[in-house]
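Residue-level structural notes
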Amino acid sequence: MKKMETDVVVIGGGATGAGVVRDVAMRGYRTILVDRADLGQGTTGRYHGLLHSGGRYVVSDPHSATECAEENAIVTRINADAVETTGGLFVIGPDDPLDFGDAWLKGAQETGVPHEEISVAEALRREPRLNPGIKRAFAVEDGTVDGWQMVWGAAKSAEEYGAQIFTYHEVTDIVREGDQVRAVRAIDHKTGEDIEITCNFVINAGGPWAGQIADMAECPEVNVVPGRGIMIAMNHRLVNQVVNRCIYPSDGDILVPVHTVCIIGTTDVKVEDPDNLAIPRNEVQQMLDAGEVLIPGFRNSRALHAWSGARPLVKDNRVSADDTRHMSRGMSIIDHQHRDGLNGMLTIAGGKLTTYRLMAKNIVDVMVDQLGDDRPCTTETEAVPGSKDLKTYHVTHRLEEAEKNLRKEQIVCECELMSRRQLEDLIEEQPTASFDDLRRQLRLGMGPCQGGFCSIRAAGIMQETGKADTERVTALLRKFLKNRWIGLWPILYGDQVRQTALDNWIFQGTLDMDHLPEAEEAHV
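Residues numbered from 1 in each chain as written. Predicted model: local features only at pLDDT ≥ 70, side-chain atom pairs only at ≥ 80, totals over all residues. Heavy atoms only, no water.

Looking up the chain in an unreviewed UniProt entry gives the name glycerol-3-phosphate dehydrogenase, with the organism given as Flaviflexus ciconiae. Entered under Sequence similarities (unreviewed entry) in the UniProt record, the comment concerning the chain runs "Belongs to the FAD-dependent glycerol-3-phosphate dehydrogenase family." (UniProt positions renumbered as here; feature names shortened; annotations may be inferred.)

Here's the deal with the pattern of salt bridges
This structure, assessed with the given rule, holds 38 salt bridges. Taking the shortest distance from any N to any O, the salt bridge between K404 and E400 comes out at 3.9 Å. Here K404 pairs with E400, and both are found in helix α10 (residues 397-404), just four residues apart, close to one helical turn. The exposure class of K404 is exposed, given its relative accessible area of 54%. For E416, the salt bridge identified is with R443, shortest N-O distance 3.0 Å. Residue E416 is found in the loop between β23 (411-413) and β24 (418-419), and its partner R443 is found in the loop between α12 (435-442) and α13 (454-465); the two are separated by 27 residues along the sequence. Each of K3, D173, R185 and E196 takes part in a single network of salt bridges with overlapping partners. (Salt bridge = Lys/Arg side-chain N within 4 Å of Asp/Glu carboxyl O. Helix = DSSP H or I, 4+ residues; strand = E, 2+ residues; numbered from the N terminus. Buried < 20%, exposed > 50% of the residue type's maximum accessible area, 1.4 Å probe, protein only.)

Some thoughts on the UniProt feature "domain: BFD-like [2Fe-2S]-binding" (unreviewed entry) in the chain
Under the UniProt annotation, "domain: BFD-like [2Fe-2S]-binding" (unreviewed entry) lies at residues 411-464. With 54% helix and 9% strand, residues 411-464 has end C-alpha atoms that lie 16 Å from one another.

Thoughts on the domain arrangement of the chain
Segmentation of the chain into domains returns domain 1 (83-141 + 226-312) and domain 2 (396-515). Each of domain 1 and domain 2 has a C-alpha centre, and the two are 29 Å apart. At the junction of the two partners, domain 1 supplies 16 residues and domain 2 supplies 17 residues. Buried surface at the junction of domain 1 and domain 2, both sides included, amounts to about 1,400 Å², of which 55% is carbon and sulfur. Sorting the residues of domain 1 by area buried against domain 2 places R302, L304 and H305 first, and these three jointly supply 41% of that buried surface. Put simply, domain 1 and domain 2 have zero salt bridges between them. Put simply, domain 1 and domain 2 have eight residue pairs in polar contact (both at pLDDT 80 or more) between them. Among the secondary structure elements, those contributing two or more residues to the side of domain 1 that touches domain 2 are β15 (224-234), α7 (281-294) and β20 (303-314). Of the residues forming the side of domain 1 that touches domain 2, the biggest block, four residues, is contributed by β20. (Domains from an automatic or database assignment. Contact = heavy atoms within 4.5 Å. Buried area = accessible area lost by both parts, 1.4 Å probe. Polar contact = N/O pair within 3.5 Å; in protein donor to acceptor, adjacent residues only side chain to side chain.)

Brief notes about the packing of aromatic side chains
Following the criterion strictly, the structure yields three aromatic pairs and no others. A centroid spacing of 5.2 Å and a plane angle of 35° characterise the contact between F90 and W104, whose relative ring orientation is tilted. A residue pair is termed long-range when its members are at least 10 positions apart, and F90 in strand β6 (residues 88-92) and W104 in helix α3 (residues 100-111) qualify at 14 residues. Take F90 and W104: they sit in the same class, and that class is buried. Ring plane angle 75° and centroid distance 6.2 Å describe the contact between F435 and F480, whose orientation is recorded as edge-to-face. Highlighted residues: F435 in helix α12 and F480 in helix α14 (residues 470-486), separated in sequence by 45 residues. Exposure remark for F480: the relative accessible area of 0% places this residue in the buried category. Taken together through their ring pairs, the aromatic side chains of F90, W104 and F138 make up a single cluster. (Phe/Tyr/Trp six-rings, centres within 6.5 Å; stacked < 30°, edge-to-face > 60°.)

Overview of the environment of F298
Mapping F298 onto the fold places it in the loop between α7 and β20. Judged by its relative accessible area of 0%, F298 is buried. Residues F298 and L353 lie 55 residues apart in sequence; the distance between their C-alpha atoms is 27 Å. Aside from chain neighbours lying at most four places away, what touches F298 is M234, L238, L255, I264, M287, L288, G291 and E292.

Side note on the packing of helix α1 (residues 15-26) against helix α9 (residues 356-371)
α9 packs onto α1 with a crossing angle of 50° between their chain directions and a minimal axis gap of 8 Å. Viewed along their axes, α1 and α9 adopt a mutual orientation that is oblique. Note on packing geometry: the crossing formed by α1 with α9 is right-handed. Between α1 and α9, the contacting residues are A15, T16, G19, V20, D23 and V24 on the first element and Y356, M359, A360, K361, I363, V364 and M367 on the second. Here the residues of the contact of α1 with α9 are counted per class, giving nine nonpolar, two polar and two charged. (Axes fitted to C-alpha atoms, helices over the stretch in contact; angles between N-to-C directions. Parallel < 35°, antiparallel > 145°, perpendicular 65-115°, else oblique. Left-handed = near helix turned anticlockwise from the far one by under 90°. Nonpolar A, V, L, I, M, F, W, Y, C, P; charged D, E, K, R; others polar.)

Below you can see the structure in the form of structure tokens.
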């Protein structure tokens, strides 16, 4: 077994865990983050991409509304390369209660959420596809954020301060001596090697899996309730600003433009297992119907991909155990010293991606206090690598780069304008990455062809680099296509059926995918 030593182990590589490891490292502690998969592969990468202005919560959860408004400005500054400042609208639809607008306006004023009521004509000028029957509109400072870009930015910032990031390391045990945490044990899924990390403190940022992790430290009944929500990406931007229905938070009331697509979301259903999230057909229909309320003709657009994510909600005794829609979105910190008599461990759950930095600050403040140190948080004062120039993302930035190098660079993915250089650079940096790992950072296979053309090119380039032999490349490609299919079959209609049939012909007709050689134990 490999042995290591550090001050603080952070479990969980989503937005919260990445924020925590950055904060811990910037305060001068030695720290290691472990995650059983890739960074941002859980809830962080499986949501709609909204950077909240706070408008969504001004009536239902005023405290969260204020936190979102304040953190929106900070995240836009420190994670600039992951954020697009699209702006947003809250609109009262033709059949929505008109008087909710007054409650919303009062809530926005009281919570400090920047807003402006605009005329219906102005709203339609800004977003011509909007339902012309809307009765009232408010402009807010919503934005969109690439969760994977944001998480990797925080992780790289942490590494600059000496942190170590171990992806594909699944925690198997939390070792305690009496009432003190002493070590974390994990297995490296890429190599099969066991590892033990001696430490004085553990921060559990496992999201929907936080309860399972707490059990390993003999801290039972950490009730984190997974709330499943489905989302659907449409093949281009039907809107260029975030559009919200101005109603009490409900299903399918947000349409978010992210990169070259837009995403409708979401549902909210309590589930037992965050590793087994369905995409029910009735909820797909529900989202398409909800889109029609905002954008007439929505369901006639081409749906590209559907997916499910699980919100890590802390059980709220004020609402029914099955009512995840109305459980608080606020953050919860569980102090295992007071709750379970275990020193050196904290758990954090709940919250939103927009408040990831604040969540990290709050839990690390508790840790620092318990350790008796005086090390203030500085995360809001420094931008992460890639955002030092404070320039926010713009949807046309890849087109601009491609036009500069029109005759010099090969484009591997025409849908997302991903170049061969970008792919080769990331393969060199992360030689054991799967195609899904590459997808999360480069958007490989996320456009209209869903990998029909670019995945084959990526497979060839991977083999040419010498980082993987033919058998492993075949295994990587098969798994990538299998994962893509999970989000395709629930929304197969119209043009996407024709695209999927073409892709299948390419894979079977030219490559005979089902009969390509593959090593029995290829690590993918």
